[in-house]
Amino acid sequence: MSIPLGVLDLVPISSGSTAPEALRNSIELARRAEEFGYARYWFAEHHLNPGVAGTSPAVVLALTASATSTIRLGSGAVQLGHRTALSTVEEFGLIDALHPGRFDLGLGRSGGRPSPPLPPTTPIVDGRAPNGLRIPPRFSFERLLGSPRIALQRKLLLLPDATSQDYAEQIDDVLALLAGTYRSPEGVEAHVVPGEGADVQVWILGSSGGTSAEVAGRNGLRFAANYHVSPATVLEAADGYRTAFQPSDVLDKPYVSVSADVVVADDDDTARELATGYGLWVRSIRTAEGAIQFPTPDEARAHVWTDEDRALVQDRVDTQFVGSPTRVADQLEQLQEATGADELLITTITHAHQDRVRSYELLAQEWHRRGHSAPSG
């Protein structure tokens, strides 16, 4: 079975670097990923992070589209909690007008409470799925959601006294505006120019089997599950989506992408050295200080770890795939088998840009050697 690989890019800023350098590096990496045979290149959306420059996927996508020619480009994901359906369709309509048929409109929730755990459909024994994939204990995001910094972010992103639209209704509005079938409760039509009829693939991104998985399934849309953000709930998310799936004009059967954090080098020791800063970087996110500039290995080793620190990041560190091309490809095939993924989405962060490019190159070479190809659904 041929499983395509895609790229998820946060536009990370390394220590000692700048946001403009990070943006230039990401656009160059997209060009190289196209050469390496990756099927998709997605940009994430994050705000108020000192070490992440990817604040507006649509803007970065427009810049990257002009620098590439064949690779699909997309958002992973546009956060709808502080946006409207109209503004989202307008933005992607604009870039699709000049680069038709190349964009994935990945949509995600933001600012909402996490869904309650669902009963497991796949048995987990001693932290492992039946095929051995590591499934760590569920991480609680309550601390993050209750932090003053997250509250400030929401305040700055939303207009005064504004409230987020119900997510399921918002997805319905996005689909209707794209299709040209939108009608207000009073029967007034809305037609988005450009935007209506845009040749974009709509994806829903989710970390659990709750609202996002249900919305994706009910609408017959493609679904992207997060192993790299919430490894404990990736099986729940994929199963919840498949359970809710109803065939649509877009898909006649479920289609799932699964993400993974990966660092590849020529050998295991080199890869582990390149990944040294990952734990400290994850800690900065989960303490709600915001993603720091990605540290050098020496900067990371200088941090004095507490037991609380280690507990904050353990699930992410344990589920990052780090090593030689053979080792990491084996782990990715295990992830694919456990989740039934139709494709995999790879996110790699290293301090040096050339190491990040090399990681994607080595992985692509090994993946293609195993008979996996780039074309995707």
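Structure's up top.
Residues numbered from 1 in each chain as written. Predicted model: local features only at pLDDT ≥ 70, side-chain atom pairs only at ≥ 80, totals over all residues. Heavy atoms only, no water.

What exactly am I supposed to notice about the nonpolar core here?
Of all hydrophobic cores here, the largest spans 95 residues; its most connected members are Tyr 38, Leu 107, Leu 332 and Leu 344. Among residues more than four places away in sequence, those in contact with Leu 344 are Ile 3, Pro 4, Leu 5, Gly 6, Ser 257, Val 258, Leu 332, Leu 335, Gln 336 and Trp 367. If you look at the next biggest cluster of nonpolar residues, it comprises six residues, including Val 263, Ala 271, Ala 275 and Val 322. (Core = buried A, V, L, I, M, F, W, Y, C linked by side-chain atoms within 4.5 Å. Buried < 20%, exposed > 50% of the residue type's maximum accessible area, 1.4 Å probe, protein only. Contact = heavy atoms within 4.5 Å.)

Would you mind showing me how to read the pattern of salt bridges here?
A side chain of one charge can pair with a side chain of the opposite charge if their charged atoms are brought near each other. What the rule picks out here adds up to 23 salt bridges. We note a salt bridge from Arg 327 to Asp 268, for which the minimum N-O separation is 2.9 Å. Of this pair, Arg 327 sits in helix H13 (residues 325-339) while Asp 268 sits in helix H9 (residues 268-274), and the two are 59 residues apart along the sequence. Put simply, Asp 330, Glu 333, Glu 366, Arg 369 and Arg 370 are held in one network by salt bridges that share partners. (Salt bridge = Lys/Arg side-chain N within 4 Å of Asp/Glu carboxyl O. Helix = DSSP H or I, 4+ residues; strand = E, 2+ residues; numbered from the N terminus.)

Is there a simple way to think about the packing of helix H7 (residues 211-218) against helix H8 (residues 234-244) in this case?
A pair of packed helices is captured by two measures, namely the crossing angle of their axes and the spacing between those axes. One way to put it is that H7 packs onto H8 with a least axis distance of 7 Å and a crossing angle of 35 degrees. The crossing of H7 and H8 is right-handed. Where H7 approaches H8, its residues Ala 213, Glu 214, Ala 216, Gly 217 and Arg 218 are matched on the opposing element by Ala 237, Gly 240, Tyr 241 and Ala 244. Here the contact of H7 with H8 is built from residues that sort into five nonpolar, two polar and two charged. (Axes fitted to C-alpha atoms, helices over the stretch in contact; angles between N-to-C directions. Left-handed = near helix turned anticlockwise from the far one by under 90°. Nonpolar A, V, L, I, M, F, W, Y, C, P; charged D, E, K, R; others polar.)

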